[in-house]
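Chain and residue survey
Listed here are the chains, written in short residue letters.
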Amino acid sequence: MKLLTLNFLTCARKACKPLPTSFPLHPADATLATTETAFSPAFLRNILPRLDWPALKGLCDELGLPGVGDEAPGPEALFEDGELPESDEDIVGEIEAGKRPTKLAHDLHQLLVETVMLEGKLVCASCGHEYAVKEGIANFLLPSHLV
Amino acid sequence: MATPIERGSQYEEQHVHAVYEEIASHFSSTRYKPWPLVESFLTSLPAGAVGLDLGCGNGKYLTVNRDVFIVGSDRSPNLVRFAVRHEPHAAVVADVLDLPHPRRRFDFAISVAVVHHLSTPERRIEAIRAILDVLTLASGGAEGGRALIYVWALEQKGSRRGWDEGHEQDIMVPWITKGPKSSGQEEKTYQRYYHLYRKGELEEDVVKAGGKVLSSGYERDNWWAIATPEGLETVI
């Protein structure tokens, strides 16, 4: 499961939903991996305004990953003037002529799309329930006494 | 005298969830062609829209639009194993009645062939309410999020099943698996529970769930509705 997904996940219990502490979930005993994925700065530009930035920042801190800034970057921070380097020629999606992706764009791609949680737990800070992540798939089915 | 059937979550566990988990591989191999209306709903979304595919199965709708971000979910772990393969999207194992998503965060949702597997009227309405709950509310000039919901129709006398108006709506539908002829595998039949929707019933359920029907219709033996939550974002 890519880290981007975690920005859109909360505790599945109805009692927790209204409580602000049910989002985001907190990783525990996490095994992370990197999966090479096609680089799409256009996708990042699209998704950036929809991210909950404090949740992403908190996640990086908890996982001990190189931090992101306090403020969400604007979409313009993903591109700069210049020729597209050879290493970026196979990017997915359209990019304006005369522009190339910035280092920040590459860093965010690596963080949000290529860094995946393979194993571990996602913990709700409100009720303490732990959701298992196995083989990269998070399971939110609740035991019957919690439904 | 026959014991009355007690429908609810345990009934669905036995007659829906367990069956999909068993037939996942065969089911997935037969599900690759997106239905035209779902496809056009997904391709009409603006780039950067964020949404959910609730009951995503093998993720066949996660291949339609790469300019949006979709988190799919399904009750069957075996089907989710197929669904997670479709970049740039995601998929998790979850129940539509206990969704692991923040409320009022998403621009769109699709739920294709899911609500009809819930076995009581209350649970079907609760599922639609859960779908509407994750969508953004209308705010200022901006419209609220939209959900496309698809359910199997009772009125399908042209289909090989031949059901029509006046028939029983709560039924068991067989799924037959068989391996390749050379494998010598025997045929096996599984029974899945369905509630067949009659004309107008889906729209009624959307309203009971606190939603507004924006458009609705009939396509290929199914009723569909595009719905949005009633209400406005309160700006404090």
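Per an unreviewed UniProt entry, chain B goes by S-adenosyl-L-methionine-dependent methyltransferase and derives from Trichodelitschia bisporula.

An unreviewed UniProt entry annotates chain A as Trm112p-domain-containing protein originating from Trichodelitschia bisporula. In its Sequence similarities (unreviewed entry) section, the UniProt entry covering chain A states "Belongs to the TRM112 family."

The next thing to look at is the sheet that holds strand S6 (residues 137-138) of chain A. Residue and element names in this part refer to chain A. The strand order S1-S4-S5-S6 describes an open sheet built from 4 strands, whose pairing is antiparallel. Where the open sheet ends on each side, the last strands, each with one partner, are strand S1 (26-34) and S6. When S1 meets strand S4 (residues 115-123), the two strands line up antiparallel, connected through 7 bridges. The residue of S4 that forms the bridge with Pro-27 is Leu-122. Against the sheet, helix H4 (residues 103-114) contacts S1 and S4, and its axis sits at roughly 50 degrees relative to S4.

The next point concerns the interface of chain A and chain B. With 29 residues of chain A at the contact, the number on the chain B side is 31 residues. Summed over both partners, the interface of chain A with chain B buries about 2500 Å², with 61% contributed by carbon and sulfur atoms. Our enumeration of links across chain A and chain B arrives at 4 salt bridges. Among the ionic pairs, Asp-98 of chain B bridges to Lys-14 of chain A, the shortest N-O distance being 2.7 Å. Linking chain A with chain B are 14 residue pairs in polar contact (both at pLDDT 80 or more), by the criterion used here. Of all the elements, helix H2 (residues 41-47) of chain A adds the most residues to the side of chain A that touches chain B, at 3 residues.

Another aspect to go through is the packing of aromatic side chains. For the structure on display, the rule yields 11 aromatic pairs over all chains. Centre to centre, the rings of Phe-27 of chain B and Trp-175 of chain B are 5.4 Å apart; their planes meet at 55 degrees, and the pair counts as tilted. Within this pair, whereas Phe-27 of chain B is found in helix H1 (residues 9-29), its partner Trp-175 of chain B is found in strand S6 (residues 170-177), the two being separated by 148 residues in sequence. Three or more aromatic residues joined by ring pairs form one cluster here, namely Phe-8 and Phe-43 of chain A together with Phe-69 and Phe-106 of chain B.

Here we come to a negative patch on the surface. Together, Glu-83, Glu-86, Glu-89 and Asp-90 of chain A make up a negatively charged patch on the protein surface. As for its position among the elements, Asp-90 of chain A is in the loop between strand S2 (79-81) and strand S3 (99-101).

A separate point is the pairing of strand S3 (residues 90-93) of chain B. Residues and elements named next belong to chain B. Every second residue of S3 is oriented toward a common face, with Ala-90 and Val-92 on one face and Ala-91 and Val-93 on the other, all of them buried. In terms of strand pairing, strand S2 (residues 69-74) meets S3 through 4 bridges, oriented parallel. Within S3, the position partnered with Val-71 by the bridge is Ala-90. In terms of handedness, the path from S2 via helix H3 (residues 77-83) over to S3 forms a crossover that is right-handed.

Throughout the structure, instances matching the rule amount to 18 salt bridges over all chains. A salt bridge links Arg-123 of chain B to Glu-12 of chain B; the shortest N-O distance between them is 2.7 Å. Separated by 111 residues along the polypeptide, Arg-123 of chain B in helix H4 (residues 121-133) and Glu-12 of chain B in helix H1 bring together distant segments of the chain. A salt bridge links Arg-198 of chain B to Glu-204 of chain B, with the nearest nitrogen and oxygen atoms 3.4 Å apart. Of the residues examined, Arg-198 of chain B reaches a relative accessible area of 32% and is grouped as partly exposed. Here the residues in one salt-bridge network are Lys-14 of chain A together with Asp-98 and Glu-126 of chain B, joined through shared partners.

Here is what the cut-offs are and how they apply
Residues numbered from 1 in each chain as written. Chains lettered and ligands numbered in written order. Predicted model: local features only at pLDDT ≥ 70, side-chain atom pairs only at ≥ 80, totals over all residues. Heavy atoms only, no water. UniProt positions renumbered as here; feature names shortened; annotations may be inferred. Pairing = 2+ DSSP bridges. Helix = DSSP H or I, 4+ residues; strand = E, 2+ residues; numbered from the N terminus. Contact = heavy atoms within 4.5 Å. Axes fitted to C-alpha atoms, helices over the stretch in contact; angles between N-to-C directions. Buried area = accessible area lost by both parts, 1.4 Å probe. Salt bridge = Lys/Arg side-chain N within 4 Å of Asp/Glu carboxyl O. Polar contact = N/O pair within 3.5 Å; in protein donor to acceptor, adjacent residues only side chain to side chain. Phe/Tyr/Trp six-rings, centres within 6.5 Å; stacked < 30°, edge-to-face > 60°. Patch = residues over 30% accessible without salt bridge, like charges linked within 9 Å, V, L, I, M, F, W, Y side chains within 5 Å. Areas by Shrake-Rupley, 256 points an atom, 1.4 Å probe, with all protein chains shown as cover. Lys, Arg positive; Asp, Glu negative; His and termini not counted. Charge placed at Lys NZ, Arg CZ, Asp CG, Glu CD. Buried < 20%, exposed > 50% of the residue type's maximum accessible area, 1.4 Å probe, protein only. Right-handed = clockwise from strand over helix to strand, strands pointing away.

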